[in-house]
Amino acid sequence: MISSLAALALAGTQPAAATLGEIRMHLFYQETGRLSPDISPPASFAGWNIGIGEGDAEEAANDLLVVVEVRADGEQFVETPLRVVARGGEGNRILGERRWDSVLTSAGGRSYLPLYLRDVGCAAEIRVTATFGSANRSETLSLECGE
């Protein structure tokens, strides 16, 4: 069976350019090891004292998994760099960052790339920015602590 990449090459056609998809954010629940549903906007999520399982958290959570989607027409090896940066806390410091020099999408035309952020349960406002070639997408999430 011939792959979709090979078929395009044999036909002499170029696949449509890959694009930046959604940014998703999931809490890592410490009591069960589960991930929360996507809590990134436009989801309504009260991120108050999540480290002790309060707010809209289902249980204690201090870590966050960010997932960035790249979309394409079928399987593609995309030589466009993807950079994901999360900033927050005092001084808007970098909480985590990751870079991929290329992306391989599945036959379904998707690739999901992770950035794991540790100890951000009280990081205040977290802004995640994904840069894919000249395209940018950002999402902001508030994780506050207090009495």
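Reading the values: rules and limits
Residues numbered from 1 in each chain as written. Predicted model: local features only at pLDDT ≥ 70, side-chain atom pairs only at ≥ 80, totals over all residues. Heavy atoms only, no water. Disulfide = S-S within 2.5 Å. Helix = DSSP H or I, 4+ residues; strand = E, 2+ residues; numbered from the N terminus. Buried < 20%, exposed > 50% of the residue type's maximum accessible area, 1.4 Å probe, protein only. Phe/Tyr/Trp six-rings, centres within 6.5 Å; stacked < 30°, edge-to-face > 60°. Pairing = 2+ DSSP bridges. Axes fitted to C-alpha atoms, helices over the stretch in contact; angles between N-to-C directions. Salt bridge = Lys/Arg side-chain N within 4 Å of Asp/Glu carboxyl O.

## A word on the state of the cysteines
Each disulfide is one covalent bond, formed between the sulfur atoms of two cysteines.
Alright, step 1. Per the stated rule, a full pass over the model turns up one disulfide.
Alright, step 2. One disulfide in the model links C122 with C145; its S-S distance is 1.8 Å. Because the sign of the S-S torsion sets the handedness, a value of about -75° for the bond joining C122 and C145 places this disulfide among the left-handed ones. Pair noted here: C122 is in the loop between β7 (110–117) and β8 (124–132) and C145 is in the segment after β9 (135–143), with a separation of 23 residues, a long-range link.
Alright, step 3. A residue is classified by how much of its surface remains accessible, and C145, at 32% relative accessible area, is partly exposed.

## A look at the packing of aromatic side chains
Each aromatic ring pair is described using two quantities: the centre-to-centre distance and the angle formed by the ring planes.
Alright, step 1. A complete count under the given rule lists one aromatic pair for this structure.
Alright, step 2. Taking the centre distance of 6.5 Å and the plane angle of 75° together, the rings of F28 and Y116 count as edge-to-face. Placement of the pair is F28 in strand β1 (residues 19–29) and Y116 in strand β7, with a sequence separation of 88 residues.

## Let's talk about the sheet that holds strand β2 (residues 61–71)
Alright, step 1. Judged by pairing direction, the sheet is antiparallel, and its three strands sit side by side in the order β1-β2-β7 without closing on themselves. Lying at the two open borders of the sheet, with one neighbouring strand each, are β1 and β7. Shown here is a sheet whose adjacent strand axes are inclined to one another by a mean of 20°, direction ignored.
Alright, step 2. Relative to β2, β1 runs antiparallel, the two sharing nine bridges. Bridge pairing in β2 links Y29 to A61.

## Some points on the pattern of salt bridges
Alright, step 1. Within this structure, the stated rule accounts for seven salt bridges.
Alright, step 2. With a closest N to O distance of 3.1 Å, E22 and R24 form a salt bridge.
Alright, step 3. By relative accessible area, E22 is classed as partly exposed at 35%.
Alright, step 4. Linking R34 and E59 is a salt bridge whose minimum nitrogen-to-oxygen distance equals 3.3 Å. Within this pair, whereas R34 is found in the loop between β1 and β2, its partner E59 is found in the loop between β1 and β2, the two being separated by 25 residues in sequence.

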